[in-house]
Amino acid sequence: MSLDSRRYHITTYGCQMNKADSERMAGVLENMGYQWSENPDDANLILCNTCTIRDNAEHKVYSYLGRQAKRKHAQPDLTLVVAGCVAQQEGDALLRRVPELDLVMGPQHANRLQDLLEQVANGQQVLATEPIHIVEDITKPRRDSAVTAWVNVIYGCNERCTYCVVPNVRGVEQSRTPEAIRDEMVQLGEQGFKEVTLLGQNIDAYGRDLPGTTSEGRHQHTLTDLLYFVHDVPGIERIRFATSHPRYFTERLIQACYELPKVCEHFHIPFQSGDNDVLKAMSRGYTHEKYRRIIDNIRAIMPDASISADAIVGFPGETEAQFMNTMQLVEDIEFDLLNTAAYSPRPGTPAALWENQLSEAVKADRLQRLNRLVGVCAELRSQRYANRIEEVLVEDQNPKDPTQVMGRTRGNRLTFFPGKIEELRSQVVSVKVTEVRSFSLTGEPLSSLATTVR
Ligand code: SAH
Ligand code: SF4
Ligand code: F3S
């Protein structure tokens, strides 16, 4: 195959972590001389970056792979790669189920893609799922946005929530050093990026595995310390972080978000259930009272902070009354955004083996009721934006209306307003909100400011 005919296509499922991995793998491929192909059928390397958090995520992958595997019979130079969490979980079974595959690689191996593809080029079918120390990547990711970027700060998860497959597929916590994180952010600033989201499955665990304690005996490298350490990176105007765990969320962190102007007043703190017995069965390590206190403490100093979360309904043994405690929490807190899911038993997790599983009908009914409530609350919550002036960081054109651009407020609300993307991309614009919907806003620009205005 000549170098200029190498084309790749990546399909990504799952969370921000997977999206960030895909961007890094795309960077590796482009470094090897591959070019992006929008149409998978024109590509000679197909990489599917998979998610296994819920059952339906996995099914999508199998149907996608089936189609591509068929293509390989007509086009033998096609390279088929499965990466991500299904790859890690299924491993060898995946190779047996889809023998057309060339490479099956777990998330910890994302930075090793070139090396693994060289083994494939030698004619081997390659399986890379053994736990490893994640290498700092040297290749530049191919980022989807020119304005906002993800930066991993901690890989893996050491929690053992009884429903969750993540620790099995992402491995143990591995924090990057503050210096490596800052260096990446400095480069992003130089390249013109304006916003960074720091990523970790349990980002509050950042630094636990790094050496060093302070004179008061606490870890020297906490998420809070990291925020202070990276805050002055030139060019970066906004910093976000996700995902927070209520068990480890600290007062110091709230204080840092309040003090540091670049850190957005935007918190993603999943609560999973509003019932203490369910939380216990989930091994979450906090009560709903503790969760409510965290939100109260945030709102006490940042009344307008945007709060989002994840929740699961239909966990094994969840009674109607326990489910209603989740409904109550949602009603009381008025989230800006809530990701909801029906419990899905995952292989290799404790809760999947319990006998008190609920029927699909009960789970579907509770999900529907919760979603209805979420819609109502989001609409109410949105009203507070009406007629307000918000700072919007412009990311792109509105795909549905080329006379408009779109971006996000500090609270992460998608906002549309009239303007030309060539002039406004990467700018922070003050926008007067004229229209509110449950999850997005429309407004009129007041001014265009090239630098931070806060
Ligand atoms: N680390 C984050 C969440 C990671 S997974 C945290 O601790 O909150 C993202 C979300 O998927 C979870 O918050 C949970 O709401 C959902 N989820 C995880 N496992 C699930 C399962 N087995 N069934 C249904 N939803 C699940
Ligand atoms: Fe899964 Fe719990 Fe870890 Fe989140 S904290 S990734 S829910 S085990
Ligand atoms: Fe899915 Fe893996 Fe993320 S299972 S949610 S892609 S960590």
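Structure shown above.
Conventions we followed
- Residues numbered from 1 in each chain as written.
- Chains lettered and ligands numbered in written order.
- Predicted model: local features only at pLDDT ≥ 70, side-chain atom pairs only at ≥ 80, totals over all residues.
- Heavy atoms only, no water.
- Helix = DSSP H or I, 4+ residues; strand = E, 2+ residues; numbered from the N terminus.
- Polar contact = N/O pair within 3.5 Å; in protein donor to acceptor, adjacent residues only side chain to side chain.
- Near = heavy atom within 4 Å.
- Areas by Shrake-Rupley, 256 points an atom, 1.4 Å probe, with all protein chains shown as cover.
- Nonpolar A, V, L, I, M, F, W, Y, C, P; charged D, E, K, R; others polar.
- Buried < 20%, exposed > 50% of the residue type's maximum accessible area, 1.4 Å probe, protein only.
- Pairing = 2+ DSSP bridges.
- Axes fitted to C-alpha atoms, helices over the stretch in contact; angles between N-to-C directions.
- Parallel < 35°, antiparallel > 145°, perpendicular 65-115°, else oblique.
- Contact = heavy atoms within 4.5 Å.
- Phe/Tyr/Trp six-rings, centres within 6.5 Å; stacked < 30°, edge-to-face > 60°.
- Core = buried A, V, L, I, M, F, W, Y, C linked by side-chain atoms within 4.5 Å.
- Left-handed = near helix turned anticlockwise from the far one by under 90°.

**Brief notes about the side chain of threonine 52**
So, step 1. Its place among the elements puts threonine 52 in the loop between β3 (45–50) and α2 (55–74).
So, step 2. A distance of 3.3 Å separates a polar atom in the side chain of threonine 52 from a polar atom in the side chain of glutamine 89.

**Some thoughts on the site of ligand 1**
So, step 1. Residues in close proximity to ligand 1 total 15 residues, the closest being Tyr163, Gln201, Gln272, Asp310 and Ser344.
So, step 2. Within the contact set of ligand 1, an oxygen atom lies 2.7 Å away from a side-chain nitrogen or oxygen of glutamine 272.
So, step 3. Separating an oxygen atom of ligand 1 from a side-chain N or O atom of arginine 284 is a distance of 3.1 Å.
So, step 4. Protein coverage of the free-state accessible area of ligand 1, which is 540 Å², stands at 89%.
So, step 5. When contributions to the shell around ligand 1 are tallied by element, the ones reaching two or more residues are β13 (306–313) and β14 (337–342).
So, step 6. Considered class by class, the residues forming the shell around ligand 1 number 7 nonpolar, 4 polar and 4 charged.

**A look at the pairing of strand β15 (residues 389–398)**
So, step 1. Of all 10 residues in β15, 7 are buried; the element is thus mostly enclosed.
So, step 2. Of the pairings in the sheet, the one linking β15 to strand β16 (residues 401–408) comprises 5 bridges and is antiparallel in character. Bridge pairing in β16 links asparagine 398 to aspartate 401.
So, step 3. If you look at the hairpin formed by β15 and β16, you'll find 2 residues sitting between the two strands.

**Overview of the packing of helix α11 (residues 288–301) against helix α12 (residues 320–333)**
So, step 1. Following both chains from N to C, one finds α11 and α12 inclined at 5°, their axes separated by 12 Å at the closest point. Between α11 and α12, the crossing angle belongs to the class labelled roughly parallel. In this structure, α11 contributes Tyr291, Arg292, Ile295 and Arg299 to the contact, and α12 contributes Gln328, Leu329, Asp332 and Ile333.
So, step 2. Each residue belonging to the contact of α11 with α12 can be placed in one class, and the counts come to 4 nonpolar, 1 polar and 3 charged.

**Let's talk about the sheet that holds strand β10 (residues 195–199)**
So, step 1. Spatial strand order, β7-β10-β11: 3 strands in an open sheet with parallel pairing. Looking at the sheet topology across the chains shown, the edges are occupied by β7 (148–152) and β11 (238–242). In this sheet, adjacent strand axes meet at a mean angle of 25° when their direction is disregarded.
So, step 2. Bridge count between β10 and β11: 5 bridges; the pairing is parallel. Bridging across to β11, glutamate 195 finds its partner in arginine 238.

**Regarding the packing of aromatic side chains**
So, step 1. What the rule picks out here adds up to 8 aromatic pairs.
So, step 2. Note on phenylalanine 271 and phenylalanine 335: the rings are 5.3 Å apart at their centroids and 15° apart in plane angle, and the pair reads as stacked. Here phenylalanine 335 lies in the loop between α12 and β14 and phenylalanine 271 lies in the loop between β12 (266–268) and α10 (276–281), a separation of 64 residues in the sequence. Of the two residues, phenylalanine 271 and phenylalanine 335, neither departs from the other in class, the shared state being buried.

**Quick look at the nonpolar core**
So, step 1. Of all hydrophobic cores here, the largest spans 55 residues; its most connected members are Met185, Leu198, Phe241, Phe267, Phe271 and Ile298.
So, step 2. With 5 residues, the top contributor of residues to this core is α12.
So, step 3. Leave out the neighbours within four places in its chain, and phenylalanine 241 touches Thr197, Leu198, Ile203, Leu223, Leu227, Leu253, Cys257, Val263 and Phe267.

**Points about the packing of helix α8 (residues 223–230) against helix α9 (residues 251–259)**
So, step 1. Contact geometry of α8 with α9 gives a least axis separation of 9 Å together with a crossing angle of 20°. The angle between the axes of α8 and α9 places the two elements in the roughly parallel class. In this structure, α8 crosses over α9, and the sense of that crossing is left-handed. Residues Leu223, Thr224, Asp225, Leu227 and Tyr228 of α8 touch α9, and the partners they reach there are Arg252, Leu253, Ala256 and Glu259.

**Concerning unusual backbone geometry**
Excluding glycine, residues mostly carry a negative phi; peptide bonds, for their part, are mostly trans.
So, step 1. Of note, the bond from alanine 242 into threonine 243 is cis; its omega dihedral lies within 30 degrees of zero at 5°.
So, step 2. Position of threonine 243 relative to the elements: it lies in the loop between β11 and α9.
So, step 3. In this model, glutamine 272 sits at a positive phi of 70°, which is unusual for a non-glycine residue.
So, step 4. Turning to its location among the elements, glutamine 272 is positioned in the loop between β12 and α10.
So, step 5. For glutamine 272, a relative accessible area of 8% gives the class buried.

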